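Per-entry structural report
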Amino acid sequence: MAVHGIDLGTTYSCIASIDQVGRAQMHRNQEGADTTPSVVFFETSDNVIVGQTAKDSAVIHPDQVVSLIKRDMGQDAPRAMHGREYTPEEISAFLLRKLARDAAADGEPVSDVVITVPAYFGAAERDATRKAGQIAGLNVIDILSEPIAAAITYGVLNPAEDCRILVYDLGGGTFDTTVITLRGGDIEVVCTDGSHKLGGADWDEALVQHFTQRFKDEHPDVSDPLDSKETEQDLRKIAEDVKKALSARVKQPARIMHEGRATTLEVTREDFEALTRDLLDQTIDITRRTLDTARGKGVTGFDHLVLVGGSSRMPAVAEALQKEIGVVPQLRDPDLAVAKGAALYAFEETYRRLVDSGETAKAEELALGAGLSREQQEEIAGRTIKTVASRAFGIVTTDRQTRQHRVSHLVHANDPLPAEVTKRFATLDDFQTTVRIQVMEQAGAAESERFEDNNQIGEGDLSIPHGKPAGFPIDVTFGLDTSGLLHVTARENETGRQLDLDIQIGGMSEEKVESSRAALSGIQVS
Ligand code: AMP
């Protein structure tokens, strides 16, 4: 009985589980690599290719290849391929199927999993990630924030130490910073911040623009290289290769071809850093903001700065952090720390649940499989993980006089989880039979009552008993669980009766998930 942790990354994904001596261990894919590019190539209507081959195919078949799908999670952004529309959940499910299938080649089938998401991911994105797992036929035990996963890996490496950790996670398409405390083995998230529009791909884009400009300067008589999808994909690939090379070397040559013409150039690390300085500055600003929030919650300073995510390999990252924040960052396993932490968490969570439900024989079997001593088992059973809400959540209310809409919040960003908050609302008009409940999630970096500063993530109608005058009270309760998934209920205050409220959070209903799973299982993934 194995449980797995999956880092479903914007640009690369990977999967880990616990070995016979209790260590988190990566599973290599069929191609022999620890990480798999999060790229899906829809070759035919019944054959999908995931990973490096898909990434390489992007140059020749740009219209049939999907990358960076994580940026669309929780949004209504289907992609049409071979006459069918695929939701972001479904496209992510192909990535998960490839990871699970390749990991199963190591011996045990993959069924129970924990999937990680950026800490600032809201309820809709978390829900979409869980549904992607279900469509892939997996049993998603939990959705875990990436910095918590990294902190677990780190905490396991330094079990005896009480400390405050700042996690700086710069991945392929996303960035987040989180302050975490480790105390007596317990893990507590103090606060988190980030941007899902900032990551390694933006550094690549800066190089693509630079290459394009250089090409245009040299060959003003041919078309713009970015007008050709093939050249664009090619440029993106060269850009990523040059960027990675510049993490080790101080200069790197590149050759750009378009319409039979070529431009050869050399990029120095200095040029590259100058081209991307504003991107790095954005991450430093967000890091400062996170530290300010932590200070407001009584956590002044931190003991360790842990760098996570492949893009934190760029030397400029550690240099800037050291200069701006004044600590030496630690860079350990940046690409794998999250999946390993997720595997440890999946293991511990499963063990705890088995112990809590009295299934001691199964718990014992799991612990023995990982070679855990009695002492380690007790330590795991007693450990707690406390996390916070990544964003503010509320519902839309209408002012009785002005009839203007605003968002009234029930849960605020960085509120401890699980959170259960009830707020009293009232009907606007006499004899209303229903009330439309629109569930809103903070869209920007700060909480705002303005309707346009929030995203609608769910809606539903609430039935009101007959003959009630305006001002009939309704108590709405938001329950945000530790994985950041939201449950909404409403109660009538007169009788205490639960009102009929059918709220659909996220894009896909459970029925749609089930039919999608069945439909997609007929498609071959390799
Ligand atoms: P992740 O999503 O955490 O796997 O991060 C992947 C991102 O890290 C991609 O944008 C990669 O291009 C980037 N990356 C991986 N290795 C390096 C490296 N050596 N130098 C710079 N960026 C890298």
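All of these numbers come straight from a predicted model, not from anything done at the bench.

Parameters and conventions
Residues numbered from 1 in each chain as written. Predicted model: local features only at pLDDT ≥ 70, side-chain atom pairs only at ≥ 80, totals over all residues. Heavy atoms only, no water. Domains from an automatic or database assignment. Contact = heavy atoms within 4.5 Å. Buried area = accessible area lost by both parts, 1.4 Å probe. Axes fitted to C-alpha atoms, helices over the stretch in contact; angles between N-to-C directions. Helix = DSSP H or I, 4+ residues; strand = E, 2+ residues; numbered from the N terminus. Parallel < 35°, antiparallel > 145°, perpendicular 65-115°, else oblique. Left-handed = near helix turned anticlockwise from the far one by under 90°. Nonpolar A, V, L, I, M, F, W, Y, C, P; charged D, E, K, R; others polar. Phe/Tyr/Trp six-rings, centres within 6.5 Å; stacked < 30°, edge-to-face > 60°. Buried < 20%, exposed > 50% of the residue type's maximum accessible area, 1.4 Å probe, protein only. Lys NZ or Arg CZ within 6 Å of the ring centre and 35° of its normal. Near = heavy atom within 4 Å. Polar contact = N/O pair within 3.5 Å; in protein donor to acceptor, adjacent residues only side chain to side chain. Areas by Shrake-Rupley, 256 points an atom, 1.4 Å probe, with all protein chains shown as cover. Expected span 1.5 Å × (residues − 1). Disulfide = S-S within 2.5 Å. Pairing = 2+ DSSP bridges. Salt bridge = Lys/Arg side-chain N within 4 Å of Asp/Glu carboxyl O.

1. What to know about the domain arrangement of the chain
You can read the domains of the chain as domain 1 (1–154 + 332–388 + 507–526), domain 2 (158–331) and domain 3 (393–495). The gap between the C-alpha centroids of domain 1 and domain 3 is 32 Å. Taken residue by residue, the interface counts 11 residues in domain 1 and 12 residues in domain 3. Note on domain 1 versus domain 3: buried area summed over both sides is about 880 Å², and carbon and sulfur give 60% of it.

2. A look at the packing of helix H5 (residues 200–218) against helix H6 (residues 229–245)
Put simply, H5 and H6 touch, their axes get as near as 8 Å, and they point 115 degrees apart. When the axis of H5 is compared with that of H6, the two are roughly perpendicular. Pair H5 / H6 crosses with right-handed handedness. When H5 is examined against H6, the residues Gly200, Trp203, Asp204, Glu205, Leu207, Val208, Phe211 and Thr212 are found in contact with a partner set consisting of Leu235, Arg236, Ile238, Ala239, Glu240, Val242 and Lys243. When its residues are assigned to classes, the contact of H5 with H6 shows 8 nonpolar, 2 polar and 5 charged.

3. Looking at the packing of aromatic side chains
To describe a pair of aromatic rings, one takes the distance between the centres and the angle between the planes. Counting across every chain of the model gives 4 aromatic pairs. For the pair Phe42 and Tyr86, a centre-to-centre distance of 4.7 Å together with 40 degrees between the ring planes defines the contact as tilted. Remark: Tyr86 occurs in strand E9 (residues 84–86) and Phe42 occurs in strand E5 (residues 40–44); sequence separation between them is 44 residues. In this structure Phe42 comes out as buried when scored by relative accessible area, which is 1%. On the basis of an interplanar angle of 65 degrees and a centroid distance of 4.9 Å, the ring pair of Tyr168 and Phe175 is categorised as edge-to-face. Neither residue differs from the other here; Tyr168 and Phe175 are each classed as buried. Positioned over the ring face of Tyr86 is Arg84, at 4.7 Å from the centre of the ring.

4. Regarding the site of the ligand
By nearness alone, 14 residues border the ligand, and Glu240, Lys243, Ser247, Gly310 and Ser311 come closest of all. One of the side-chain nitrogen or oxygen atoms of Lys243 is found 2.7 Å away from an oxygen atom of the ligand. In this structure, a nitrogen atom belonging to the ligand sits 2.6 Å away from a side-chain N or O atom of Ser247. When the ligand is considered free in solution it has 500 Å² of accessible area, and contact with the protein chains removes 89% of it. In terms of residue count, H6 provides more of the shell around the ligand than any other element does, 3 residues in total. Split into classes, the residues belonging to the shell around the ligand amount to 2 nonpolar, 8 polar and 4 charged.

5. Description of the packing of helix H10 (residues 337–356) against helix H12 (residues 374–382)
Close contact between H10 and H12 brings their axes to 9 Å; oriented N to C, the two are set at 85 degrees. For the element pair H10 / H12, the angle class is roughly perpendicular. Residues Phe347, Glu348, Tyr351 and Arg352 of H10 form the contact with H12, whose participating residues are Gln377, Ile380 and Ala381. The class makeup of the residues in the contact of H10 with H12 is 4 nonpolar, 1 polar and 2 charged.

6. With respect to helix H2 (residues 88–104)
For H2, built from 17 residues, the straight-helix expectation of 24 Å at 1.5 Å per residue is met to within 8% by its first-to-last C-alpha distance of 24 Å. Buried residues dominate H2, accounting for 15 of its 17 residues.

7. As for the state of the cysteines
Taken as a whole, this structure holds 0 disulfides when the rule is applied. Free cysteine: Cys163, not disulfide-bonded; nearest cysteine sulfur from Cys191 at 15 Å. Assessed through its relative accessible area of 6%, Cys163 is described here as buried.

8. Points about the environment of Tyr345
With respect to the helices and strands, Tyr345 occurs in helix H10. When its relative accessible area of 8% is taken as the criterion, Tyr345 is described as buried. Residues Tyr345 and Val113 lie 232 residues apart in sequence; the distance between their C-alpha atoms is 9.9 Å. Ignoring sequence-local partners within four residues, the contact set of Tyr345 consists of Val114, Asp142, Leu144, Ile152 and Ile385. A polar side-chain atom of Tyr345 sits 2.8 Å from a polar atom in the side chain of Asp142.

9. A word on the sheet that holds strand E13 (residues 175–183)
Either a parallel or an antiparallel arrangement is found when strands of a sheet pair, and the pairing is made through backbone hydrogen bonds. Taken in spatial order, the 7 strands line up as E18-E17-E12-E13-E14-E19-E22 in an open sheet, and their pairing is mixed. What marks the edges here is a single partner per strand, and that holds for strand E18 (330–331) and strand E22 (416–417). In terms of strand pairing, strand E12 (residues 163–170) meets E13 through 8 bridges, oriented antiparallel. Bridge pairing in E13 links Leu166 to Val179. Sitting on the sheet, helix H9 (residues 315–325) touches E12 and strand E17 (304–308), and the angle it makes with E17 is about 160 degrees.

10. Regarding the environment of Phe175
Turning to its location among the elements, Phe175 is positioned in strand E13. With near-sequence residues (within four places) excluded, Phe175 lies in contact with Tyr120, Tyr168, Asp169, Leu170, Gly194, Ser195, Leu198, Thr283, Ile286 and Thr287.

11. Concerning the pattern of salt bridges
Per the counting criterion, the structure on display carries 43 salt bridges. Across the pair Arg23 and Asp19 runs a salt bridge, and its minimum N-O distance is 3.3 Å. By relative accessible area, which is 9% here, Asp19 ends up buried. Taking the shortest distance from any N to any O, the salt bridge between Asp102 and Lys98 comes out at 2.8 Å. Residue Asp102 and its partner Lys98 are located together in helix H2, separated by 4 residues, close to a single helical turn. The two residues Asp102 and Lys98 agree in class, both being buried. Put simply, Glu31, Lys98, Arg101 and Asp102 are held in one network by salt bridges that share partners.

12. Here's the deal with the side chain of Asp202
Secondary-structure assignment places Asp202 in helix H5. Within polar-contact distance, the side chain of Asp202 engages the side chain of Arg71 at 3.3 Å. Apart from the residues lying within four places of it in its own chain, the contact partners of Asp202 are Arg71, Lys197 and Leu279.

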